[in-house]
Amino acid sequence: MSLVLHRSNRIEELSKRLAALLKQPVNSSNADLITKTLLRPETVVINSMGMQRWLSMQLAHHLGISSNIHFPFPTRTVQEILQDTVGETDLHDLQQWAPKNLAWHILPQVRQSLEVQAFAPLKGYLCEGDRSPSTIARTEYILARRIADVFDKYLTYRPEMVLEWEASPHQFQEDWQPLLWNQLRAELHGSHVANLAAEFLYQPAKSPLDAESLPSRLMLFGLSTFPPLWVDVLNKLSEHIPVHLFVLCPSRQYWGHIASKREIAIQLRKQSNQDILASELYLEEGNPLLSSFGRVGRDFQCVLEGPTALEGYQDSGDDLFVEPDANQATLLTLLQRDILDLRSPKR
């Protein structure tokens, strides 16, 4: 098995495909497992409560009823998968690394370390100007919360760097970020997401997992972006259970390489040869509306198509893209058709 990707420019088509999959029972050669999971809720990961309500109504329309479906959010889903499949980890270990909780551990560490040379930038920021004690305390907490937010992003988007900090702390004595991180690691003994993901991803291939702790299959619907680390986790998970990703994609063509006019201009300014053309650098604008306002989806395309630690996804093979109505020669249908085929509009 591998991660199965379903793409369409119409979310209604994706909901139809999801309903068709949910209508089919999970295929398994293990009769005991089928019996145990028969009444287990289906898991459909969504990104908002509004999407949950809309999708529930769509599934009820297509299936006659929408029942026994669990709609978790992405972060909690990945945490629970890692928690259930890797070692003895409880929810408290992961929650202590949440920014709102981590900030309270960062605050005293920063206060105690301001005289250390590596923390001079933080000291300069906190001691700038004449401030009252209440203002200083408020500034300290705001700084601690911002640091916690950055560390949280590091765990998700730069896990290799964080794990390197922990593996070789003596190499990072002149930078306050790794110093502060290792101080937190000494205080907080529980595992974080980067630890668990590394252990999960690099365990022996096809190693057995407790099937009862996992959903019978996993559907992810309408997510506009996903961190590379989580894509790797889903790829690995797909070795054990079916995993389907439903992505709203405005163009049937690959558009991860396109760039807006501003991005092209920035790249050209960076070149030593100012006479070089954008075409010589393989910079393409494609459809200007898509390149300007579709950056999040474009970056997600690069994540899905880019190199990962594991095998890539499997395309569903179904053509779910819908051509705009040819009988309507409106500006909207012309625009939709240009985006669908990644064409520049005719002038």
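The structure under discussion appears in the preceding block.
Residues numbered from 1 in each chain as written. Predicted model: local features only at pLDDT ≥ 70, side-chain atom pairs only at ≥ 80, totals over all residues. Heavy atoms only, no water.

## A closer look at the environment of Leu 5
Our working rule: Helix numbers and strand numbers start at the N terminus; a helix is a DSSP run of H or I with at least 4 residues, a strand a run of E with at least 2. Every residue pair with non-hydrogen atoms within 4.5 Å of one another is taken to be in contact.
Turning to its location among the elements, Leu 5 is positioned in strand β1 (residues 4-8). Apart from the residues within four sequence positions on either side, Leu 5 is in contact with Leu 245, Val 247, Leu 304, Tyr 313, Gln 314, Asp 315 and Ser 316.

## What about the pairing of strand β2 (residues 42-45)?
Every other side chain in a regular strand lies on the same face of the sheet, so the side chains alternate between the two faces. The line we're drawing: Note on exposure labels: buried denotes an accessible area under 20% of the residue type's maximum, exposed denotes more than 50%, and partly exposed covers the range between, all computed with a 1.4 Å probe on protein chains only. By this definition, two strands are paired if DSSP reports at least two bridges between them.
Of the two faces of β2, the one lined by Glu 42 and Val 44 and the one lined by Thr 43 and Val 45 are each fully buried. In this structure, β2 lies alongside strand β3 (residues 69-70), joined through two bridges in parallel fashion. In the sheet register, Glu 42 faces β3, and the bridge partner there is Ile 69. Where β2 meets strand β4 (residues 218-221), three bridges bridge the pair, whose relative direction is parallel.

## Observations concerning the pattern of salt bridges
Put simply, the rule is: Criterion for a salt bridge: a side-chain nitrogen of Lys or Arg within 4 Å of a carboxyl oxygen of Asp or Glu.
Tallied over the full model, the rule gives 16 salt bridges. A salt bridge links Arg 7 to Asp 315; its shortest N-O distance comes to 3.9 Å. One end of the pair, Arg 7, is in strand β1; the other, Asp 315, is in strand β6 (residues 314-315), with 308 residues separating them in the sequence. In this structure Asp 315 comes out as partly exposed when scored by relative accessible area, which is 40%. The closest approach of N and O atoms between Asp 338 and Arg 343, which form a salt bridge, is 3.3 Å. Judged by relative accessible area, Asp 338 falls into the buried class, the value being 13%. The exposure class assigned to Arg 343 is partly exposed, which follows from its relative accessible area of 35%.

## So, the packing of helix α9 (residues 159-167) against helix α10 (residues 176-187)
Going by this rule: To get an axis, fit a line to the C-alpha atoms, keeping to the stretch in contact for a helix; angles then go from 0 to 180 degrees between the N-to-C directions. By definition in this entry, angles of less than 35 degrees are roughly parallel, angles greater than 145 are roughly antiparallel, angles of 65 to 115 are roughly perpendicular, and the rest are oblique.
Contact pair α9 / α10: the axes reach a minimum separation of 10 Å and the direction vectors enclose 70°. One finds that α9 runs roughly perpendicular with respect to α10. Contacts from Val 162, Trp 165 and Glu 166 in α9 reach Gln 177, Pro 178, Trp 181, Asn 182 and Arg 185 in α10.

## Regarding helix α6 (residues 99-113)
For the record, the criterion: Here the expected span of a helix is defined as 1.5 Å times the quantity of residues minus one.
Between its first and last C-alpha, α6 extends 20 Å over 15 residues, near the 21 Å set by a 1.5 Å rise per residue. When we look at burial in α6, the residues that qualify are Pro 99, Leu 102, Ala 103, Ile 106, Leu 107, Gln 109, Val 110 and Ser 113. The elements touched by buried residues of α6 are α7 (120-126), α8 (133-157) and α10.

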